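Architecture at a glance
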Amino acid sequence: MAPLLEDNATLRILRAADQGRYGVLAVVGYNLEQVLGFVKAAERQKSPLIIQLFPWAMTSSNGILVHAAAQAARQASVPVAVHLDHCQDEEMVKEACLLPFDSIMVDMSHHSKEENLAKTKELVAYCHAHGKATEAEPGRIEGGEDGVSDTLDLAGLMTSAEEAQQFVDAGVDLLAPAFGNVHGEYGPRGIVLDFERLEQVNKITGANNVLIALHGVTGYSDALLQQLIAAGVRKINVNKDILAGYYAHLEQKVNKIPFTQVVDEAVEKVAEALARQMDAVGSSGKA
Ligand SMILES: [Zn+2]
């Protein structure tokens, strides 16, 4: 491990989860209220947590939301890290290295396989030199979500054992394999995961102190999440399922009750939804 990463918050949280064989939620937030709800849930559940932001959060607020999330993480009474999800632009990865992220997903999966690997390798070294842990995606996870460019025009590519090994060798700290998982909604085929492929990836990552990140869990049952955690998944990206109650609350209450009350209640909706998921992945009580 690069010396600057010895005390990295994302890695510390996920290595503890690996030892304890539980999952940690990495939840995407789009504004300050959501971030406050996330931290509230973590403190209430005594659970570790990773807050995720998209590159959109860097540009839309000129970095302010990143600083706010990092401050919320530092002030929390439990371990909380801040992660940049799906950074698909090389210059933005470098800009993100100057912001208070603990880890960065260097997502070059829209390039050819060879380019994905070469660009990832170069950017991982750059991130490590700035004390940032890295996540990368060999193969390509299909679908789109709010904040990730839609890749429906490109067929998803499953991650092979060979690719997993190449990315591990490139120095990546977290690997996001494609094994049937899809961003956003699953189509009529439903959720069909290749557990054998996940097992092959887990053998390689496990032998190299690399951790597995899971993308695309919309609609997953608690039992399926637990099966995936037993198969080695440690970082579990969540987005839509957690924020549904928050958005519904705004729709129902804005202009009907004082806005301060709307905000407080909406933060509570986020905290409740996330707390339930923390119980499901086994991180409650682990902080
Ligand atoms: Zn993703």
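In the block above lies the structure referred to throughout.
Predicted model, so just to flag it, every value in this text is computed and none were measured.

1. Looking at the packing of aromatic side chains
- A complete count under the given rule lists 4 aromatic pairs for this structure.
- An angle of 50° between the planes, with centres 6.1 Å apart, marks the rings of tyrosine 30 and phenylalanine 54 as tilted. Residue tyrosine 30 is located in the loop between strand 1 (24-28) and helix 2 (32-45), and its partner phenylalanine 54 is located in the loop between strand 2 (49-53) and helix 3 (55-60); the two are separated by 24 residues in the primary sequence.
- On the basis of relative accessibility, which here comes to 1%, the residue phenylalanine 54 falls in the buried class.
- Ring geometry for tyrosine 30 versus tryptophan 56: centroids 6.0 Å apart, planes at 55°, classification tilted. Taken together, the positions of tyrosine 30 in the loop between strand 1 and helix 2 and tryptophan 56 in helix 3 put the pair 26 residues apart, joining distant regions of the chain.
- The class for tyrosine 30 is buried, based on a relative accessible area of 14%.
- Grouped by ring-pair contacts, the aromatic residues Tyr30, Phe54 and Trp56 constitute a single cluster.

2. Some words on the coordination of the zinc ion
- Bound to the zinc ion are the protein donor atoms His86 (NE2), His183 (NE2) and His215 (ND1), situated 1.9 to 2.1 Å from the metal.
- Note on histidine 215: relative accessible area 1%, which makes it buried.

3. Remarks on the pairing of strand 1
- Counting buried positions along strand 1 gives 5 out of 5 residues, so the element sits mostly inside the fold.
- With burial as the criterion, each face of strand 1 is covered, one bearing Val24, Ala26 and Val28 and the other bearing Leu25 and Val27.
- Pairing between strand 1 and strand 10 (residues 233-238): 4 bridges, direction parallel. Note on strand 10: the bridge partner recorded for valine 27 is valine 238.
- As paired elements, strand 1 and strand 2 share 3 bridges and run parallel to each other. The residue bridging valine 28 from the neighbouring strand is glutamine 52, located in strand 2.
- Once the chain exits strand 1 it traverses helix 2 before rejoining the sheet at strand 2, and the crossover so formed is right-handed.

4. Digging into the layout of surface pockets
- Of the pockets and cavities examined, the second largest pocket occupies roughly 220 Å³.
- In terms of lining residues, the second largest pocket is bounded by 15 residues, among which Glu142, Gly180, Asn181, Val182 and Arg189 are the most central.
- By residue class, the composition of the lining of the second largest pocket is 7 nonpolar, 5 polar and 3 charged.

Criteria and cut-off values
- Residues numbered from 1 in each chain as written.
- Predicted model: local features only at pLDDT ≥ 70, side-chain atom pairs only at ≥ 80, totals over all residues.
- Heavy atoms only, no water.
- Phe/Tyr/Trp six-rings, centres within 6.5 Å; stacked < 30°, edge-to-face > 60°.
- Helix = DSSP H or I, 4+ residues; strand = E, 2+ residues; numbered from the N terminus.
- Buried < 20%, exposed > 50% of the residue type's maximum accessible area, 1.4 Å probe, protein only.
- Donors = N, O, S within 2.8 Å, 3.2 Å for Na, K, Ca; no water.
- Pairing = 2+ DSSP bridges.
- Right-handed = clockwise from strand over helix to strand, strands pointing away.
- 1 Å grid on protein atoms, 1.4 Å probe; cavity = no way out; pocket = protein on both sides within 12 Å on 5 of 7 lines; lining within 4 Å.
- Points joined across faces, edges and corners; volume = space filled by probe spheres on them.
- Nonpolar A, V, L, I, M, F, W, Y, C, P; charged D, E, K, R; others polar.

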